[in-house]
Amino acid sequence: MNKKLSMEELGRMTPEQFHQANKIPVVVILENIRSGLNVGSIFRSSDAFRIEGIFCIGYTPTPPHREVLKTALGATESINWEHRESTLPLIEELKAHGVQCYAIEQATDSTELRTFDPHQKPMAIVLGNEVTGVDQATIEACDGVIEISQHGTKHSLNVAVCGGIVLYELFGKYNL
């Protein structure tokens, strides 16, 4: 019979230990996300899959916004984050440091997430606004587009759900 593990049995690291731990070389760029609840959920997924950090762009809510803290459940203490006004200069900066940048979007010539290979290189993923997605100018500035194939009647996923799926898949592709 399976037994649910207690918090002690899970043996999770402290925020201090998290900061010292090896991480997958991935940063998340949140481009004009409206909902603090979505942002907090992405912080939590980012902690779960040990990414390098998060950039909150434009009007994306940042800690200590009440809704961010509500769904992050403390992940704002472990994940490094920064606010920037605009995505394009950040992408230019990241690329200058050898970081591959990919929009997570439905687009022509996209690569399906399950077949995407990051080649163990540092990368950034851009998650876009809940209604309008990733800006076209951002897509054009990126090295490519990664898409989650969908097979139902809806044409999109919630941005926090999308982020969790992408981070889970990337975590499995890096040798940590």
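Residues numbered from 1 in each chain as written. Predicted model: local features only at pLDDT ≥ 70, side-chain atom pairs only at ≥ 80, totals over all residues. Heavy atoms only, no water.

**Brief notes about the side chain of N129**
Mapped onto the secondary structure, N129 falls in the loop between β6 (123–127) and α6 (136–141). Overall, N129 belongs to the buried group, its relative accessible area being 8%. Setting aside its immediate chain neighbours within four residues, N129 contacts E31, N32, I33, R34 and Y59. (Helix = DSSP H or I, 4+ residues; strand = E, 2+ residues; numbered from the N terminus. Buried < 20%, exposed > 50% of the residue type's maximum accessible area, 1.4 Å probe, protein only. Contact = heavy atoms within 4.5 Å.)

**Quick look at the pattern of salt bridges**
Taken as a whole, this structure holds seven salt bridges when the rule is applied. Here R34 and E130 are joined by a salt bridge, their closest N and O atoms 3.7 Å apart. Of the two residues, R34 is situated in the loop between β1 (24–31) and α3 (36–48) and E130 in the loop between β6 and α6; the sequence distance between them amounts to 96 residues. Residue R34 is classed as exposed on the basis of its relative accessible area, which comes to 52%. Owing to a relative accessible area of 25%, E130 belongs among the partly exposed residues under this scheme. A salt bridge links R84 to E93; the shortest N-O distance between them is 2.9 Å. Here E93 falls in the partly exposed class, since its relative accessible area comes to 35%. Ionic contacts of the salt-bridge type, sharing partners, join the residues E82, R84 and E93 into one network. (Salt bridge = Lys/Arg side-chain N within 4 Å of Asp/Glu carboxyl O.)

**Remarks on α3**
Between its first and last C-alpha, α3 extends 18 Å over 13 residues, near the 18 Å set by a 1.5 Å rise per residue. Those residues of α3 not exposed but buried are G36, N38, V39, G40, I42, F43, S45 and S46. Next to the buried residues of α3 lie β1, β2 (51–57), α4 (66–72), β3 (80–84), β6 and α7 (159–173). Where α3 begins, the capping side chain belongs to S35, and its oxygen is found 3.1 Å from the backbone nitrogen of L37. Trailing α3 by a residue or two, R50 shows a phi angle of about 45°, which is positive. (Expected span 1.5 Å × (residues − 1). Polar contact = N/O pair within 3.5 Å; in protein donor to acceptor, adjacent residues only side chain to side chain.)

**What to know about the layout of surface pockets**
Size it by volume and the largest pocket reaches roughly 490 Å³. If you go around the largest pocket, you meet 16 residues; those closest to its centre are R12, M13, R44, D47 and A48. Mapped by element, the contributors of at least two residues to the lining of the largest pocket are α2 (15–20) and α3. When residues of the lining of the largest pocket are assigned to their parent elements, the largest contribution, three residues, is made by α3. Class assignment for the residues of the lining of the largest pocket results in eight nonpolar, four polar and four charged. Of the voids in this model, the second largest pocket is the one considered here, and its volume is about 400 Å³. What lines the second largest pocket is a set of 21 residues, among which E105, Q106, G133, S156 and L157 lie closest to the centre. Looking at the lining of the second largest pocket residue by residue, the class counts come to nine nonpolar, nine polar and three charged. (1 Å grid on protein atoms, 1.4 Å probe; cavity = no way out; pocket = protein on both sides within 12 Å on 5 of 7 lines; lining within 4 Å. Points joined across faces, edges and corners; volume = space filled by probe spheres on them. Nonpolar A, V, L, I, M, F, W, Y, C, P; charged D, E, K, R; others polar.)

Note that all results are geometric; they support no functional claim without further evidence.
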